[in-house]
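# Understanding the architecture of this molecule
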Amino acid sequence: MESKKKWIWISAAIAAAVFGWIVYQRQGVPMIEQGSLREIIYVRDYRQGYEEDDVTERIDGEKLAELLETYQRRRGGPSITSFWIGDVQIDMFIRTTDDFYEVILGNDNRVSDGEKQYEIIDSDALLQEVLALIDGEDV
């Protein structure tokens with residue numbers, strides 16, 4: 001009987017650890033750290049189809065940096081996978097003090113660091129704000 005109690009406690013501890021790990025991975029962290037953006041390498045607009053429209057020069061880099069610093073991503077993410085260009089409206093590539101990041105917005109929303117991709121929290125709102133910046137509307 002003592003052995004059965006021991007296994008129940010071990011099982012409960014394992015279940016609690018797994019649950020804790022899942023909660024930890026789902027927590028939000030800044031997409032990019034405050035003040036860490038060093039360069040916007042490109043911002044491409046794919047709303048017109050497969051031909052990208054490089055809008056890097058048209059967009060206010062400071063406002064874009066503020067937006068990217070405001071939004072969060074999930075802590076955990078899978079390895080990089082490919083995406084269908086038809087699902088992409090905006091593709092951004094940026095350099096921070098720590099790394100390079102690609103931000104994909106559209107039907108498939110994610111930020112990746114070259115090794116892992118992360119879900120963007122409230123990505124639809126971010127997409128709308130980036131589109132407003134590109135289209136010259138007040139955000």
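Structural notes, computed from the coordinates. (Residues numbered from 1 in each chain as written. Predicted model: local features only at pLDDT ≥ 70, side-chain atom pairs only at ≥ 80, totals over all residues. Heavy atoms only, no water.)

## Observations regarding the pattern of salt bridges
Summed over the entire model, instances satisfying the criterion amount to five salt bridges. The salt bridge involving Asp53 is made with Arg58; its shortest N-O contact spans 3.5 Å. Ionic pairing is found between Arg74 and Glu119, a salt bridge with its closest N-O pair at 3.7 Å. Taken as a pair, Arg74 in strand 4 (residues 72-74) and Glu119 in strand 8 (residues 117-119) lie far apart in primary sequence, 45 residues in all. (Salt bridge = Lys/Arg side-chain N within 4 Å of Asp/Glu carboxyl O. Helix = DSSP H or I, 4+ residues; strand = E, 2+ residues; numbered from the N terminus.)

## Section: the nonpolar core
If you look at the biggest cluster of nonpolar residues, it comprises 27 residues, and the most contacted ones within it are Val43, Leu64, Ile90, Met92, Leu105, Leu126 and Val130. Contributing elements (two or more residues each) for this core: strand 2 (37-45), helix 2 (61-70), strand 5 (88-96), strand 6 (100-106) and helix 3 (123-134). Residue contributions to this core peak at six residues, all from helix 3. Filtering out sequence-adjacent residues up to four positions away, Ile90 remains in contact with Val43, Arg44, Asp45, Val103, Ile104, Leu105, Leu127, Val130, Leu131 and Ile134. (Core = buried A, V, L, I, M, F, W, Y, C linked by side-chain atoms within 4.5 Å. Buried < 20%, exposed > 50% of the residue type's maximum accessible area, 1.4 Å probe, protein only. Contact = heavy atoms within 4.5 Å.)

## Considerations on the sheet that holds strand 3 (residues 53-54)
Read from one edge of the open sheet, six strands run 3-2-5-6-7-8, paired in antiparallel fashion. A strand with exactly one partner marks an edge of an open sheet, and here the two such strands are strand 3 and strand 8. The sheet contact formed by strand 6 and strand 7 (residues 110-112) spans three bridges and is antiparallel. Bridge pairing in strand 7 links Ile104 to Arg110. In this fold helix 2 packs onto strand 2 and strand 5, with an angle of close to 100 degrees to the strand it touches most, strand 2. Most of the contacts of helix 3 go to strand 5, to which it runs at about 85 degrees, and overall it touches strand 2, strand 5 and strand 6. (Pairing = 2+ DSSP bridges. Axes fitted to C-alpha atoms, helices over the stretch in contact; angles between N-to-C directions.)

## Thoughts on the pairing of strand 2
In the sheet, strand 2 pairs with strand 5 via seven bridges, with the strands oriented antiparallel. Looking across to strand 5, one finds that Tyr42 is bridged to Phe93.

## Quick look at the packing of aromatic side chains
For the structure shown, the criterion picks out two aromatic pairs. Ring geometry for Phe93 versus Phe100: centroids 5.8 Å apart, planes at 10 degrees, classification stacked. For Phe100, a relative accessible area of 38% translates into the label partly exposed. Aromatic rings pair up to connect Tyr42, Phe93 and Phe100 into one cluster. (Phe/Tyr/Trp six-rings, centres within 6.5 Å; stacked < 30°, edge-to-face > 60°.)

## Observations concerning the pairing of strand 5
Pairing of strand 5 with strand 6, which is carried by seven bridges, proceeds in the antiparallel orientation. Looking at the pairing, Ile90 lines up with Leu105 of strand 6. Linking two consecutive strands that pair antiparallel, namely strand 5 and strand 6, is a turn of three residues.

## Section: unusual backbone geometry
Of note, the phi angle at Asp122 is positive, near 60 degrees, even though the residue is not glycine. Take Asp122: it is sitting in the loop between strand 8 and helix 3. Look at Asp122 and you get exposed, because its relative accessible area is 51%.

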